[in-house]
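# Survey of secondary and tertiary structure
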Amino acid sequence: MTDTLVAEINRTGLHSLEVPEAFETDDTFVVELRNRGESTHVHLHLDDALSSVARLDATNHYVRSGDARRVRVEVGGDGIDRTGSLKIVTAHGAQTRYVTVGIDTTVSEVRVDPDLGTPRDPEPGDRSRTPTR
């Protein structure tokens, strides 16, 4: 499942913009632009730190009144541990917000008990482990 960062546009008034202060993910994610009021333009920008590991297909988006637009942010590679800012601008610069985005795709090491590889003797009456002839 893809993580979703929600940006509420025009919810509390004309040109209002509400976003979380921070967002964390370990893979490609979606910025969902939810417009609760008048149609508007939204500009998205990844700072240098984020743009080195993630990309947007398009930065400028027109969101109709009462509509929502989902913008995919592609994160590439394994072993990425990066924090940067996503800039969200509405109404041709009337409102600007920054979301601190943390990306961590490092693979955690899973330790397996060596005893898991040792076969156990079947319990008496357990036919599921009895070899067939």
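As the structure is a prediction and not an experimental result, all values here were calculated from the model.

Counted by the stated rule, this structure contains one aromatic pair. A ring pair is formed by Phe-23 and Phe-29, whose centres lie 5.2 Å apart and whose planes are at 50 degrees; its orientation type is tilted. Comparing Phe-23 with Phe-29, the two get one shared label, buried.

A word on unusual backbone geometry. With a phi close to 50 degrees, Ala-91 is a non-glycine residue in the positive phi region. By the secondary structure assignment, Ala-91 is in the loop between β9 (81-90) and β10 (95-104).

Turning next to the environment of His-15. Examined against the element boundaries, His-15 turns out to sit in the loop between β1 (3-9) and β2 (17-18). His-15 gets classed as partly exposed once you look at its relative accessible area, which sits at 30%. Considered as a pair, His-15 and Gly-37 are 22 residues apart in the sequence and their alpha carbons are 8.5 Å apart.

The five strands lie next to each other as β2-β1-β4-β8-β6, forming an open sheet whose pairing is mixed. Of all strands in the sheet, those bounded by a partner on one side alone are β2 and β6 (54-56). Note: β1 against β2, two bridges, orientation antiparallel. What sits directly across from Ile-9, in β2, is Leu-17.

Bringing the confidence of the model for the protein chain into the picture now. In this model, the protein chain carries an average pLDDT of 88, and 86% of its residues clear a pLDDT of 70 or more. Per-residue pLDDT, averaged within each element of the protein chain, yields its smallest value for helix α1 (residues 48-51) (94) and its largest for strand β4 (residues 29-35) (98).

A few words on the nonpolar core. Nonpolar side chains in soluble globular proteins tend to end up buried together. Membership of the largest hydrophobic core comes to 25 residues, with the highest contact counts inside it found for Val-31, Leu-33, Leu-44, Leu-86, Ile-88 and Val-101. With residues near it in sequence (within four places) discarded, Val-101 still touches Phe-23, Phe-29, Leu-50, Arg-82, Thr-83, Gly-84 and Leu-86.

As a further point, take the pairing of β4. The element β4 is extensively covered by neighbouring structure, given that six of its seven residues are classed as buried. Summarising the sheet, β1 and β4 pair through seven bridges and their orientation is parallel. For Val-6, the partnering residue across the bridge sits in β4 and is Glu-32.

What follows concerns the pattern of salt bridges. What the rule picks out here adds up to seven salt bridges. The partner of Glu-18 in a salt bridge is Arg-11, and the shortest N-O contact between them spans 2.8 Å. A relative accessible area of 27% places Glu-18 in the partly exposed class. Across the salt bridge formed by Glu-32 and Arg-70, the nearest N and O atoms sit 2.9 Å from each other. With Glu-32 in strand β4 and Arg-70 in strand β8 (residues 68-75), this pair connects stretches of sequence that are 38 residues apart.

Here we come to the pairing of β9. Summarising the sheet, strand β5 (residues 40-46) and β9 pair through five bridges and their orientation is antiparallel. Across the sheet, residue Val-42 finds its bridge partner in β9, namely Thr-90. Note: β9 against β10, ten bridges, orientation antiparallel. Within β10, the residue paired with Thr-83 across the bridge is Gly-102. The hairpin turn running from β9 into β10, its antiparallel successor, is four residues long, and Ala-91 in that turn takes a positive phi close to 50 degrees.

Analysis parameters
Residues numbered from 1 in each chain as written. Predicted model: local features only at pLDDT ≥ 70, side-chain atom pairs only at ≥ 80, totals over all residues. Heavy atoms only, no water. Phe/Tyr/Trp six-rings, centres within 6.5 Å; stacked < 30°, edge-to-face > 60°. Buried < 20%, exposed > 50% of the residue type's maximum accessible area, 1.4 Å probe, protein only. Helix = DSSP H or I, 4+ residues; strand = E, 2+ residues; numbered from the N terminus. Pairing = 2+ DSSP bridges. pLDDT = per-residue confidence, 0-100. Core = buried A, V, L, I, M, F, W, Y, C linked by side-chain atoms within 4.5 Å. Contact = heavy atoms within 4.5 Å. Salt bridge = Lys/Arg side-chain N within 4 Å of Asp/Glu carboxyl O.

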